[in-house]
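Each chain, letter by letter, is given below.
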Amino acid sequence: MTESRVTPPPNPLPHHAVPPPLAGGGRGRGRGHVVQRRVFLAGAAVLGGCSVLPQPAYVQRSTWPLSISPPEPRPARPHGKVLLVRDFQAAPGLDQLGVQWLNADGSVHVDFYNLWEVTPARAAADDARRWLAASGLFAAVVSPDSGVSADVTLEGELTTFAADPRVLQGRVGLSMTVLDQRTTPPRVRTQKTLTASAHMMADTPAGVVAAQRAALAGMLGEIVAEMGRLT
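This write-up is about the structure you can find in this document.

### Description of the nonpolar core
- If you look at the biggest cluster of nonpolar residues, it comprises 44 residues, and the most contacted ones within it are Leu83, Phe88, Leu132, Leu154, Leu216, Ile223 and Met227.
- Not counting chain neighbours up to four residues away, the residues in contact with phenylalanine 88 comprise Ala121, Ala124, Ala125, Ala128, Leu154, Glu155, Gly156 and Leu174.

### Focus on the side chain of aspartate 127
- Following the sequence through the fold, aspartate 127 ends up in helix 2 (residues 120-135).
- At 2.2 Å, the side chain of aspartate 127 and the side chain of arginine 130 are in polar contact.
- Aspartate 127 has contacts with Leu66, Ser67, Ile68, Leu216 and Leu220, leaving out every residue within four places of it along the chain.

### What to know about the pairing of strand 8 (residues 169-180)
- Of all the twelve residues making up strand 8, nine are buried; the element is thus mostly covered by neighbouring parts of the structure.
- Bridge count between strand 7 (residues 152-164) and strand 8: twelve bridges; the pairing is antiparallel. Opposite aspartate 164, over in strand 8, you have glutamine 169 as the bridge partner.
- Joining the antiparallel neighbours strand 7 and strand 8 is a turn of four residues, in which leucine 168 adopts a positive phi near 55°.
- Judged from the twelve bridges that link them, strand 8 and strand 9 (residues 187-199) form a sheet pairing that is antiparallel.

### Some details on the pattern of salt bridges
- Scanning the model with the defined rule gives eleven salt bridges in all.
- Here arginine 166 and aspartate 164 are joined by a salt bridge, their closest N and O atoms 2.9 Å apart.
- Judged by relative accessible area, which is 4%, aspartate 164 ranks as buried.
- Here lysine 192 and glutamate 226 are joined by a salt bridge, their closest N and O atoms 3.1 Å apart. Highlighted residues: lysine 192 in strand 9 and glutamate 226 in helix 3 (residues 205-230), separated in sequence by 34 residues.
- With relative accessibility at 36%, the residue lysine 192 sits in the partly exposed group.
- A relative accessible area of 4% means that glutamate 226 is categorised as buried.
- Taken together, the shared-partner salt bridges connect Asp87, Arg122, Asp126 and Arg129 into one network.

### With respect to the packing of aromatic side chains
- The final tally for this structure, using the stated rule, is two aromatic pairs.
- Between tryptophan 116 and phenylalanine 161 the ring centres are 5.8 Å apart and the planes differ by 75°, which places this aromatic pair in the edge-to-face class. Here tryptophan 116 is found in strand 5 (residues 108-116), whereas its partner phenylalanine 161 is found in strand 7, with 45 residues between them in sequence. Across this residue pair, the class does not change: tryptophan 116 and phenylalanine 161 are buried.
- The positively charged end of arginine 61 is found above the aromatic ring belonging to phenylalanine 112, 3.7 Å away from the centroid.

Each value, and the rule that gives it
- Residues numbered from 1 in each chain as written.
- Predicted model: local features only at pLDDT ≥ 70, side-chain atom pairs only at ≥ 80, totals over all residues.
- Heavy atoms only, no water.
- Core = buried A, V, L, I, M, F, W, Y, C linked by side-chain atoms within 4.5 Å.
- Buried < 20%, exposed > 50% of the residue type's maximum accessible area, 1.4 Å probe, protein only.
- Contact = heavy atoms within 4.5 Å.
- Helix = DSSP H or I, 4+ residues; strand = E, 2+ residues; numbered from the N terminus.
- Polar contact = N/O pair within 3.5 Å; in protein donor to acceptor, adjacent residues only side chain to side chain.
- Pairing = 2+ DSSP bridges.
- Salt bridge = Lys/Arg side-chain N within 4 Å of Asp/Glu carboxyl O.
- Phe/Tyr/Trp six-rings, centres within 6.5 Å; stacked < 30°, edge-to-face > 60°.
- Lys NZ or Arg CZ within 6 Å of the ring centre and 35° of its normal.

Structural data, given as structure tokens:
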């Protein structure tokens, strides 16, 4: 980068020959201000075209899916119950798209450059519906907007969804409640907290994503197993 210098224009008159301000001072001061303004603008143009400030490196954002395919589907039970899986709630801090992991001091890092396609709580509920529908435990598995009357309802709150690079683990936690809708009021069948973990193969954002997906798959298997014990 070639250094550019701005040299103010020479005074066309010797110092003693500079004309005094005109009466009232308006036009004389205006001419001096115009010269100074031109010099300032010229300097700003040179500096603007040759900045010495470091330019930040461009980092591309990555979006990661949380759709986990269920195992081989089994036929639905012809005379089984209808299960309603409500949308899962998210514990404070888990309603964000940024991939999360723990820092060395235990604080939570929410990444700006690595994002989930949907929030983890929404993904977990959608995945739970697919896994339970494929399990063959029920006649049907429906969502809240289906308009179908259900015999059993599954509710949940996602309590953990962050990897811990300090121990190379992805971790998922869900507080679940199962209600029998055939009684008035609905009867609580079970309340449990499920947890699952998976090994991180690499201490990188991609390693965090892979571990969180594996941990989520483990938790979905626990949901199916728990619902199987209740049918």
